[in-house]
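# Commentary on secondary and tertiary structure
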Amino acid sequence: MNSLKDKADVVTDATYVVLGATGNTGSIIADSLLLRGKRVRVVGRDAARLQRFVRKGAEAFTGDVSDAVALTKAFRGARAAYLLLPPITSREDQERESDAIAKAVTESGLRYAVHLSSYGAQVPEGTGPVAGLHSSEQKLNAIGDLNVLHLRAGLFMENNLAAIDMIHGMGMFGHALLPDLKQPMIATRDIGDYAAKRLLDLDFSGKQTRELLGERDLSMTEATAIIARGIGKPGLRYEQLPYEQVQQGLTQMGFAPKKAAVYIELYKAINAGVLAALEPRSPANSTPTSFEEFVQDVFAPAYHGKAAIA
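Residues numbered from 1 in each chain as written. Predicted model: local features only at pLDDT ≥ 70, side-chain atom pairs only at ≥ 80, totals over all residues. Heavy atoms only, no water.

### Some points on the sheet that holds strand β9 (residues 183-186)
- Spatially, the three strands line up as an open sheet ordered β7-β9-β11, and their pairing is mixed. The outermost strands of the open sheet, each flanked by one partner alone, are β7 (155-156) and β11 (217-218).
- Note: β9 against β11, two bridges, orientation antiparallel. Note on β11: the bridge partner recorded for P184 is D217. (Pairing = 2+ DSSP bridges. Helix = DSSP H or I, 4+ residues; strand = E, 2+ residues; numbered from the N terminus.)

Below is the structure:
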């Protein structure tokens, strides 16, 4: 491992590439690296949204994750990269995107990558968007010279922001997940902080995984109770909704039918225990931000209209 690290250290001013730089995790990573004086190439589809990083000294690279030629240019000469798939539109798009990333990594000669995956990505199929992350992991693992760390993160706490309109309009929090099934929930800022540290340290070699399980496991009933206290609505309750109703709600929110169906598959896999962490909880796979802190810092301000929903 040391010899690999030494080779990486030969180029002291090498560039770090961050895919999805304007997203929840990518923005944390880009800011963290820039704060430490590193050369950062931020990649995104919208040049205007990348400008805030350019003002801090980053190099902007406009490109689509499904464009292997563009990604190859973005990765070339980089010391390390943060890789992720964009929010899912369909499983077919996921495969195209992970194909393009793997091809670009291979052709650019990239040696180090931190890849955002998901808990449960060890399961090859039947898990909705997580099946696409399993596939992406496999494609990256097949690249012989690549040292890759797959971060298998828990459910994003930020996913709960989608309930704000329902709480405002209906006075309830409804979802397809079982009320009392405890799941790992993680703040995306903790994923970004962890990924940035591993990119800076480059203390991994070969093909490795690290589960990131948040501060503690929570059920939807428990999470809703914390939200209720945080927004001053003590009567707020969680209600499990039928899959058909949730699917209809997703399509009404603008999800294409194929995309909505993929998420229903995910919820069924969670409820059935198919999607689950492999590691017992430990200091190494736990992260600091509690759900109470997330509600105070992110959910409540968004609910009260004092901050935009990320």
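### What about the pairing of strand β1 (residues 15-18)?
- Where burial is concerned, the two faces of β1 agree: the one with T15 and V17 and the one with Y16 and V18 are both buried.
- The pairing of β1 with strand β4 (residues 78-83) spans four bridges and is classified as parallel. In the sheet register, Y16 faces β4, and the bridge partner there is A80. (Buried < 20%, exposed > 50% of the residue type's maximum accessible area, 1.4 Å probe, protein only.)

### Considerations on the packing of aromatic side chains
- The tally for this structure, following the rule as stated, stands at five aromatic pairs.
- When the ring of Y112 is compared with that of F204, the centres are 5.6 Å apart and the planes differ by 80°; the resulting orientation is edge-to-face. With a gap of 92 residues between them, Y112 in strand β5 (residues 112-118) and F204 in the loop between α8 (188-201) and β10 (207-212) connect regions that are remote in the sequence. F204 matches Y112 in its accessibility class, with the two residues each being buried. (Phe/Tyr/Trp six-rings, centres within 6.5 Å; stacked < 30°, edge-to-face > 60°.)

### Thoughts on the nonpolar core
- Formed by 55 residues in total, the largest nonpolar core has its most connected members in F75, Y82, L83, I101 and V105.
- A total of six residues in this core trace back to one element, the largest contributor, which is α8.
- Not counting residues within four places of it along the chain, the set of residues in contact with V105 comprises F75, L83, L110, L140, I143 and L146.
- Ranked by size, the runner-up nonpolar core spans 41 residues in total, among them I164, A228, L275 and F299. (Core = buried A, V, L, I, M, F, W, Y, C linked by side-chain atoms within 4.5 Å. Contact = heavy atoms within 4.5 Å.)

### Observations concerning the packing of helix α2 (residues 24-35) against α8
- One can describe the packing of α2 onto α8 by two numbers: an axis separation of 8 Å at closest approach and a directional angle of 45°. With respect to α8, the axis of α2 lies oblique. Handedness of the crossing formed by α2 with α8: right-handed. Between α2 and α8, the contacting residues are N24, T25, I28, I29, S32 and L33 on the first element and T188, R189, I191, G192, D193, A195, A196, L199 and L200 on the second.
- By residue class, the composition of the contact of α2 with α8 is eight nonpolar, five polar and two charged. (Axes fitted to C-alpha atoms, helices over the stretch in contact; angles between N-to-C directions. Parallel < 35°, antiparallel > 145°, perpendicular 65-115°, else oblique. Left-handed = near helix turned anticlockwise from the far one by under 90°. Nonpolar A, V, L, I, M, F, W, Y, C, P; charged D, E, K, R; others polar.)

### Things to note about unusual backbone geometry
- The phi dihedral of L202 falls on the positive side, at around 45°, and the residue is not glycine.
- Structurally, the position occupied by L202 is in the loop between α8 and β10.

### A look at the confidence of the model for the protein
- Mean pLDDT over the protein stands at 93; residues scoring 70 or higher make up 94%.
- Under a pLDDT of 50 for its full length, residues 306-310 has, in the predicted model, eight contacts with residues more than four places off or in other chains. (pLDDT = per-residue confidence, 0-100.)

### Quick look at the pattern of salt bridges
- On inspection of all chains with the given rule, the structure shows 17 salt bridges.
- A salt bridge links K139 to D99; its shortest N-O distance comes to 2.8 Å. Here the residue K139 occupies a position in helix α6 (residues 129-141), and D99 occupies one in helix α5 (residues 91-108), the gap between them amounting to 40 residues.
- Salt-bridge contacts for R210 lead to E279; the nearest nitrogen and oxygen are separated by 3.0 Å. Of this pair, R210 sits in strand β10 while E279 sits in the loop between α11 (257-271) and α12 (291-303); the two residues are 69 residues apart in sequence, bridging distant segments of the chain.
- Via salt bridges that share partners, R91, E95, D99 and K139 belong to a single interconnected network. (Salt bridge = Lys/Arg side-chain N within 4 Å of Asp/Glu carboxyl O.)

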